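# Observations on the three-dimensional arrangement
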Amino acid sequence: MKKLTHWLVLIGLAFFLTACGKQAEIVTLSGKTMGTTYHIKYLDNGIDTGPDMAHQKIDELLKEVNHQMSTYQKDSELSLFNQSKEIDKPFVVSADFANVVKAAMDLNKKTDGALDVTVGPLVNLWGFGPEKRTDKELSAEEIAARKVWTGIDKLAVTESEGKPALIKKIPELYVDLSSIAKGFGVDKVASYLESIGVTNYLVEIGGEIHTKGVNEKGQAWQIAIEKPEFDGSRAVEQIVGLSNLSMATSGDYRNYFEENGKRFSHEIDPQTGYPLQHNLASITVIDPSCMIADGYATGLFVLGPEKALAVAERENLAVYLIIKTDKGFEVKMSKAFAKLMDTKKEGEK
């Protein structure tokens, strides 16, 4: 829902390594998941990874993630939890589901409340979720009525007879994990690739990326940060070489509606209940975990450029901001991101 599509700059032809008597080959896999697409590229290191079987297994893993955390699939674990009206009673869920919710709750604290996975009722009200899209600005009364249904304090993770469970404090609580689930899916696929002996790969789902090792030219994977263009065109703002790192981006220039010349973004501020109105066009976060990068990207985007950069410095996060100004776009980056770019340049010398 929130995600931009990174341009993946995967340059060059296959190069060959020899291991166990078999030449290494490049394997490319793609498919659909979570309402978007995925793309995977890896070097098989001269071992027989069984790409057809790997493709099937990856589809199964992503289907499972979707069944756990989709708000569009009516029988998913998340949808069943959202449909439940029982309060103060453990709702048993899978370990993965519980762990993603725990991570989201932790990121809520680290982003000063900006990442709030209970904001779903407001997202739906504004028409950016499973409910019918609105084409008009909502009244303060409508927003206030929905806002009382939100708040991370109304959600808890616990155990029930040794199994992970969630608890609602109010019957209307609605959890939306779209800000973090794709990143988790990327990490899940990455773990599977490593389990079959793959050490050089790139996994991308809906623009969220995790990399390991090198690409087919023996270099860090070359990933492009997209330049915001409100006319629908695409351009590259910055190329980043990634290895053993993840990247996620959040922005407001793909998913919005307009009324009377006013633009309403799909990103909702959980504090006000309204779509964001600040001048941050996009923010890119780099972290070892794609799930964490994904969640941070949403939370920091909600905060706006000044607060986002302050949190990034406090948490030592590598972030890259593209800010709208009267003279065009301005770029800012955290110290950790600048250090990452300096390290990349040193490696190229």
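Basis of the calculations
Here the residue numbering is sequential within each chain, running from 1 through the sequence in written order. A pLDDT threshold of at least 70 governs which residues receive local features in this predicted model, and a stricter bar of 80 or more applies before side-chain atom pairs are shown or counted, although totals over entire chains, interfaces and linings include all residues. Side-chain figures throughout are based on the complete set of non-hydrogen atoms in the structure, without hydrogens or water. UniProt positions are given in the numbering used here, feature names are shortened, and annotations may be inferred rather than shown by experiment. The numbering of helices and of strands both runs from the N terminus, where a helix is a DSSP run of H or I of at least 4 residues and a strand a run of E of at least 2. Under the scheme applied here, a residue whose accessible area is under 20% of the maximum for its type counts as buried, over 50% as exposed, and between as partly exposed, the area being computed with a 1.4 Å probe on protein chains only. Here, any two strands with at least 2 DSSP bridges between them count as paired. By definition in these notes, contact holds between two residues if any of their heavy atoms fall within 4.5 Å. In this analysis an axis means a line fitted to C-alpha atoms, helices contributing only their contacting stretch, and an angle means the value between N-to-C directions, from 0 to 180 degrees. By nonpolar core is meant a set of buried Ala, Val, Leu, Ile, Met, Phe, Trp, Tyr and Cys residues that side-chain atoms within 4.5 Å join together. Multiplying 1.5 Å by the residue count of a helix minus one yields the expected span of that helix. Classification of ring pairs rests on two measures: the distance between centres of Phe, Tyr or Trp rings, Trp counted by its six-membered ring, which must be within 6.5 Å, and the angle between planes, read as stacked under 30 degrees, edge-to-face over 60 and tilted in between. Ring-over charges, as used throughout, are those where CZ of Arg or NZ of Lys falls within 6 Å of the ring centre and within 35 degrees of the ring normal. Summarising the geometry, the arc corresponds to the directions from the helix axis toward the C-beta atoms.

The protein is annotated in an unreviewed UniProt entry as FAD:protein FMN transferase from Gallibacterium melopsittaci. Of the comments in the UniProt record for the protein, the one headed Subcellular location (unreviewed entry) reads "Cell inner membrane".

Bringing the environment of Met 69 into the picture now. In this fold, Met 69 is placed in helix H1 (residues 51-69). The class of Met 69 is buried, set by a relative accessible area of 5%.

Further remarks concern the sheet that holds strand E6 (residues 91-92). Paired through their backbone hydrogen bonds, the strands of a sheet run either parallel or antiparallel. Here three strands make up an open sheet; going across it, the order is E6-E8-E7 and the pairing antiparallel. Two strands close off the open sheet at either side, each with one partner strand: E6 and strand E7 (155-160). Packed on one face of the sheet, helix H3 (residues 95-110) meets E7 and strand E8 (163-168) and runs near 145 degrees to E7.

Moving on: the nonpolar core. Among the nonpolar cores identified, the biggest contains 65 residues, and Ile 40, Tyr 42, Ile 58, Leu 155, Leu 177, Leu 193 and Leu 300 are the most heavily contacted of them. No other element matches helix H7 (residues 290-303), which puts nine residues into this core. Contacts of Tyr 42, omitting those with residues within four sequence positions, involve Glu 25, Ile 26, Val 27, Leu 29, Thr 49, Pro 51, Ala 54, Leu 193, Val 198, Asn 200 and Tyr 201. Of all hydrophobic cores here, the second largest spans 17 residues; its members include Leu 202, Ile 209, Ile 322 and Phe 337.

What follows deals with the sheet that holds strand E18 (residues 328-333). If you trace the eight strands from one edge of the open sheet to the other, you get E4-E5-E9-E10-E13-E16-E17-E18, paired in antiparallel fashion. Taken across any chain shown, the strands that pair with only one partner, and hence form the sheet edges, are strand E4 (26-33) and E18. Neighbour-to-neighbour, the strand axes of the sheet open up by a mean angle of 10 degrees, direction not taken into account. With six bridges joining them, strand E17 (residues 318-325) and E18 adopt antiparallel strand pairing. Paired with Lys 324 across the strands is Phe 329, a residue of E18. Contacting strand E5 (36-43), strand E9 (200-205), strand E10 (208-212) and strand E13 (246-251), helix H6 (residues 181-195) runs over the sheet at an angle of about 155 degrees to E9. On top of the sheet, H7 reaches E10, E13, strand E16 (280-287) and E17; it is set at about 155 degrees to E16, its chief contact.

Taking 1.5 Å as the rise per residue, H6 with 15 residues should run 21 Å; its terminal C-alpha atoms sit 21 Å apart, in good agreement. Counting buried residues in H6 gives eleven out of 15 residues, a clear majority hidden from the surface. Those residues of H6 lying buried are Ala 181, Lys 182, Gly 183, Phe 184, Gly 185, Val 186, Asp 187, Val 189, Ala 190, Tyr 192 and Leu 193. One or two positions beyond H6, positive phi appears at Gly 197, with a value near 90 degrees.

Evaluation of the coordinates by the stated rule reveals three aromatic pairs. Their ring planes at 70 degrees and their centres at 5.4 Å tell us that Phe 81 and Phe 91 sit as a pair that is edge-to-face. One end of the pair, Phe 81, is in helix H2 (residues 77-83); the other, Phe 91, is in strand E6, and ten residues separate them in sequence. When its relative accessible area of 22% is taken as the criterion, Phe 91 is described as partly exposed. Aromatic side chains Trp 126 and Tyr 274 sit 5.9 Å apart centroid to centroid with 55 degrees between the ring planes, which places their arrangement in the tilted category. In this pair, Trp 126 sits in the loop between helix H4 (120-125) and helix H5 (140-147) while Tyr 274 sits in the loop between strand E15 (262-265) and E16, placing the two residues 148 residues apart along the sequence. The class of Trp 126 is buried, set by a relative accessible area of 0%. Taking the relative accessible area as the measure of exposure, Tyr 274 reaches 28% and is therefore partly exposed. Lying across the ring of Phe 81, Lys 168 places its NZ or CZ 5.1 Å from the centre.

For the rest of this paragraph, the subject is the environment of Val 186. Residue position: Val 186 is located in helix H6. Setting aside residues up to four positions removed in sequence, Val 186 forms contacts with Val 203, Ile 205, Glu 208, Ile 209, His 210 and Cys 290.

Let us look at unusual backbone geometry. The phi dihedral of Asp 112 is positive, around 55 degrees, even though this residue is not glycine. Position of Asp 112 relative to the elements: it lies in the loop between H3 and H4. Note on Asp 112: relative accessible area 48%, which makes it partly exposed. The phi dihedral of Asn 244 is positive, around 65 degrees, even though this residue is not glycine. Mapped onto the secondary structure, Asn 244 falls in the loop between strand E12 (235-242) and E13. Relative accessible area serves as the criterion here: at 39%, Asn 244 is assigned to the partly exposed category.

With 19 residues, H1 extends 27 Å between its outermost C-alpha atoms, agreeing within 8% with the 27 Å of an ideal straight helix rising 1.5 Å per residue. Among all positions of H1, only Ala 54, Ile 58, Leu 61, Leu 62, Val 65, Gln 68 and Met 69 are buried. With its buried residues spanning 115 degrees around the axis, H1 presents them on a single face. Of the exposed residues in H1, those oriented more than 90 degrees away from the buried face are Asp 52, Met 53 and Lys 63. As for H1, its buried residues are in contact with E4, E5, H2, H3, H6 and E9.

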